[in-house]
Amino acid sequence: MNVKIHESWNSILSDEFKKPYFNKLTHFVRNEYKTQQCFPPGKNIFSAFDHTPFEKVKVVILGQDPYHGPGQANGLCFSVNDGIQHPPSLVNIFKEIETDLLIPYPTSGNLERWANQGVLLLNATLTVRAYQAGSHQNKGWEQFTDEVIQKLSDTTNGLVFLLWGGYAKKKGSRINSNKHLILKCGHPSPLSANRGYWFGNKHFSKTNEYLIKRGEDPIEW
């Protein structure tokens, strides 16, 4: 795994890439991709950063780890490539947008359109072995993405952090709530959503209201 990442992030995270844990993580991921089927494709591991340069970040959505089925993961959390059936969590995200903003349910589940507007779609773990959810957890990715969140919190102002579910909420401890808007709710997965912890959160309209108040363009969800 060569660390090829947008230059804006490279300058922010260059010290992180030199740390022993990241070197160990690099060896692990490289070996996994050589010996196992893994997702997303190697060229997409840092897609979240490549589509959303550091200085363009306005919103951060935190996922857990990539989809582990063939053709699904594209390096952006909750996103799938064009033509791929929408996973249940993504279906519920789009349903909430539909009722919150009266936007028709989209054909494409590819969220590059959000990333290109400044929505950092960050999984806590950036890789996974095929059909084995969580298989690359606790190998160093979480330490890396914690640092990403810390850098964003410390060196910027007025971001919106959308923390969905317990896993994402834990990472919220690194975010300065005096400088940023933090919106929390249950995870969009059916298990959580069907218990009433997701629908009606209005996170998408609340995000845009906050951005507009700050004089920024709202996100076209």
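Residues numbered from 1 in each chain as written. Predicted model: local features only at pLDDT ≥ 70, side-chain atom pairs only at ≥ 80, totals over all residues. Heavy atoms only, no water.

Focus on the state of the cysteines
Formally, a disulfide is one covalent bond, and it connects the sulfur atom of one cysteine to the sulfur atom of another. This is how the line gets drawn: Here, the term disulfide refers to a pair of cysteine sulfur atoms separated by no more than 2.5 Å. Partly exposed residues are those whose accessible area sits between 20% and 50% of the maximum for their type, while under 20% is buried and over 50% is exposed, using a 1.4 Å probe and protein chains only.
Tallied over the entire structure, the rule returns zero disulfides. Between Cys 77, a free cysteine, and Cys 185, which holds the nearest cysteine sulfur, the sulfur-to-sulfur gap is 13 Å. By relative accessible area, which is 1% here, Cys 77 ends up buried. Judged by relative accessible area, Cys 185 falls into the buried class, the value being 9%.

Regarding the packing of aromatic side chains
Any pair of aromatic rings gets described here by the distance separating the centres and the angle formed by the planes. Rules: Ring geometry is summarised as follows: Phe, Tyr and Trp rings, the Trp one being its six-membered ring, pair when their centres sit within 6.5 Å, and such pairs are stacked at plane angles under 30 degrees, edge-to-face over 60 and tilted between the two. Secondary structure is summarised from DSSP: a helix means a run of H or I of at least four residues, a strand means a run of E of at least two, and numbering begins at the N terminus for each.
Across all of its chains, the model carries 20 aromatic pairs by this definition. Judged by centre distance (6.3 Å) and plane angle (50°), the rings of Trp 114 and Phe 204 are tilted. Residue Trp 114 is located in helix H5 (residues 112-115), and its partner Phe 204 is located in helix H9 (residues 203-213); the two are separated by 90 residues in the primary sequence. Judged on exposure class, the residue Trp 114 and its partner Phe 204 are both buried. An aromatic cluster of three or more residues is present, and its members are Trp 9, Phe 17, Tyr 21, Phe 22, Phe 46, Phe 49, Phe 54, Trp 141 and Phe 144.

A few points about H9
Applicable threshold: Contacts are assigned to residue pairs with any non-hydrogen atoms lying within 4.5 Å of each other.
Turning to H9, its buried residues are His 203, Phe 204, Ser 205, Thr 207, Asn 208 and Leu 211. Buried residues in H9 make contact with strand E2 (59-63), helix H4 (88-101), H5, strand E5 (160-164) and strand E6 (181-185). Count one or two residues on from H9 and you reach Gly 215, which has phi positive near 80°.

Points about the pattern of salt bridges
Any two side chains of opposite charge can pair, given that their charged atoms come close. Heads up, the rule is: What makes a salt bridge here is a side-chain nitrogen of Lys or Arg within 4 Å of a carboxyl oxygen of Asp or Glu, nothing more.
Per the counting criterion, the structure on display carries six salt bridges. Here Glu 32 makes a salt bridge to Arg 129, at a shortest N to O gap of 2.8 Å. Residue Glu 32 is located in helix H2 (residues 20-35), and its partner Arg 129 is located in strand E4 (residues 128-129); the two are separated by 97 residues in the primary sequence. In this structure, Glu 147 engages Lys 151 in a salt bridge whose closest nitrogen and oxygen atoms are separated by 3.8 Å. With Glu 147 and Lys 151 both in helix H6 (residues 141-155), this residue pair falls four residues apart, about one helical turn.

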